[in-house]
Each structure stands twice: as structure tokens, then as C-alpha cells.
Amino acid sequence: MITKAIVTGLLLVGASTFVFGRSALTYIKTAGSEIRQSVKSQVPIEFEVRRAEQMVKDLVPEIRNSMHVIAEQQVEVESLHRTVDARRESLTKQKDAILALRTNLDSADTKYVIAGKSYTQQQVEKDLATRFRRFKIAEETLDREEDILNARQTALNANEEHLATLISTKKDLEAQLAQLDARMRSIKAAESISESTLVDDSRLSKAKNLIAELNKQLDIKERLLETDVNSAGLIPVETELEPEVEISSQIDEYFEADLADRAL
């Protein structure tokens, strides 16, 4: 199937190049853009709203993952804080010990009694050198650990800020989606009312026409009834009152001039 699709695509590209020449690529891009716009315009807005809601819901795993990372970083930073604090306390004790030994050397004694035990000057100087070397190493270690702690704290702060922004943005998007859904429902309700009004107007017009037609038929029936009532059951006085006219008189009157000529 993949091979067939590739071959078909190559044939289409070849045919387009043959027909349109060097402009084939622009024709293909334009056609693709037109197709995408046409398909997108056919997608119902309700579907797009639901798609936006799903995109917002997809932020939840990212938020949870960020919260998990932040929790790990918080534990690590707290551990580093404890380590650094312990290192600082140890350095303070080492420094006090070094200064105490150094004070003993200022006495210029050949032997020194420390904690009930006697030490020569060489032993004290050697111990002081060892302590000082360890102190400097511990101090360098503390500096590195403080740098690491500062870096981890900076990363933690950035992630916490990102998480807060992500949660706030999600809430804003949810509010916008709620407004969008309310607007969509309002528009759909308005459209439904408009459509029902059109249907009601059509039915109302039909009802008016039917009532008018029924009134017309009733008028005709009333007129017929009036005619029947007027003519039924009455004495035909009108025929008695009409004078009878003889046919001879009608002819004489009509041909009066011709009859006069004949008499001459």
C-alpha cells in the first residue's frame, strides 16, 4: 500500500510538472491550501469546541509530570540544604580547632598538653598542617556543594514558576471554554427560536388562509339560503301585478314606420 501511494504521488507530481512546468509546485501548494481550508470550513463549530476542550484536558498529564519532577527536586534541594548546613558546621569546628592549636604554638613551648595528653611541637605542627589541608579541601567541597545547591534551587524555582503558569493558563483556558460553550449554546438557542418562529409563521399563514376560505364558503351558503328562503313558501304576487302585453301591439309598435308606408 505504501509503495502504491508513493508511486501514485510521483505520477501526480510528474503529471503536474508536465502540465504546469516550473509552476507546478505553486499550483500543488495552492490546491493543497484550498483543500485544507475547504475541509476546515466544513467542520462543525461544536466539534472544534470539543477539540479545544480535549486539548486543555491533555495539559493534565503535563501538569502531573511537572508536579512529580518538582517534588523530586524539592526533596533533593532539602537534602542538599542539610548537607551544606552540616558541612558549614563542620568547617566552623575545624576552624576553631585550627586556631586553638595555632594559639598553642605561640607559647614557644617544646611540649604541649592538650586534653590531658602531652605532644611535642613537631607533633602539633604536623597535626595543624593536616587539619589545615583538610579544612581547605572541605571548604572547596562546600563551595562546590553550594554552587550545586544554588543551581538546583534555581531550576526548582523555574519549574515551580512554570507549573504555576501552566495551572493558571489551564484555568484561564477552562474559563474561556466555558464562555465559548455558553455563547455557542446561546447562539444555538437563538437559531432554534428563529427556526421555530419561521415554522410558526408558516402555520399561522396557512391557518389564516383556511379560516378565510371557510368564511367564504359560509358566505356562499348563507347567500344560497337567503335566496331559497325568499323564494320558497311565498304567494307569487309579482306575476299577477305584471300587465299582459299582446303580441299584435308589440309588432305594431316595433314596425310602426313600415306599417304607415303601406297604408299610403
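Rules behind the numbers
- Residues numbered from 1 in each chain as written.
- Predicted model: local features only at pLDDT ≥ 70, side-chain atom pairs only at ≥ 80, totals over all residues.
- Heavy atoms only, no water.
- pLDDT = per-residue confidence, 0-100.
- Helix = DSSP H or I, 4+ residues; strand = E, 2+ residues; numbered from the N terminus.
- Core = buried A, V, L, I, M, F, W, Y, C linked by side-chain atoms within 4.5 Å.
- Buried < 20%, exposed > 50% of the residue type's maximum accessible area, 1.4 Å probe, protein only.
- Contact = heavy atoms within 4.5 Å.
- Patch = residues over 30% accessible without salt bridge, like charges linked within 9 Å, V, L, I, M, F, W, Y side chains within 5 Å.
- Areas by Shrake-Rupley, 256 points an atom, 1.4 Å probe, with all protein chains shown as cover.
- Salt bridge = Lys/Arg side-chain N within 4 Å of Asp/Glu carboxyl O.
- Lys, Arg positive; Asp, Glu negative; His and termini not counted.
- Charge placed at Lys NZ, Arg CZ, Asp CG, Glu CD.
- Axes fitted to C-alpha atoms, helices over the stretch in contact; angles between N-to-C directions.
- Parallel < 35°, antiparallel > 145°, perpendicular 65-115°, else oblique.

Draft legend 1. Representation of the confidence of the model for the chain within the structure. Put simply, the chain has an average pLDDT of 77, and 67% of its residues get 70 or more. Looking at the elements of the chain, mean pLDDT is at its lowest for helix α1 (residues 2-20), recorded as 52, and at its highest for helix α4 (residues 59-105), recorded as 91.

Draft legend 2. The nonpolar core, seen in detail. Core analysis: the largest hydrophobic core is formed by 18 residues, its most contacted members being Leu91, Leu128 and Leu149. Mapped onto this core, the elements with two or more residues apiece are α4 and α5 (121-231). Residue contacts for leucine 91: discarding those within four places in its chain leaves Phe135, Ala138, Glu139 and Leu142.

Draft legend 3. Representation of a negative patch on the surface in the model. A contiguous patch of negative charge on the surface is contributed by Glu139, Glu140, Asp143 and Asp147. Within the fold, aspartate 143 resides in helix α5. A residue is classified by how much of its surface remains accessible, and aspartate 143, at 40% relative accessible area, is partly exposed.

Draft legend 4. Fine view of the side chain of glutamate 145. Within the secondary structure, glutamate 145 is located in helix α5. The class for glutamate 145 is buried, based on a relative accessible area of 15%. In this structure glutamate 145 touches Thr83, Val84 and Arg87, once residues within four positions along its chain are discounted.

Draft legend 5. Quick peek at the packing of helix α3 (residues 45-57) against α4. Direction vectors running N to C along α3 and α4 enclose 10°, while the axes themselves pass 4 Å from each other. By the angle between their axes, α3 is roughly parallel relative to α4. Where α3 abuts α4, its residues Met55, Val56 and Lys57 lie against Leu59, Val60 and Pro61.

Draft legend 6. Geometry of the environment of arginine 185. Among the secondary structure elements, arginine 185 is positioned in helix α5. Among the residues examined, arginine 185 registers a relative accessible area of 52% and is labelled exposed. Distance in space between the C-alpha atoms of arginine 185 and glutamate 46 is 9.6 Å, their sequence separation being 139 residues.

Draft legend 7. Representation of the pattern of salt bridges. In this structure the tally under the stated criterion is 11 salt bridges. Of the charged contacts, one joins arginine 51 and glutamate 48 as a salt bridge, the two residues approaching to 3.0 Å between their closest N and O atoms. On the criterion of helical spacing, the pair formed by arginine 51 and glutamate 48 is a turn pair, its members being three residues apart in helix α3. A residue is classified by how much of its surface remains accessible, and glutamate 48, at 24% relative accessible area, is partly exposed.

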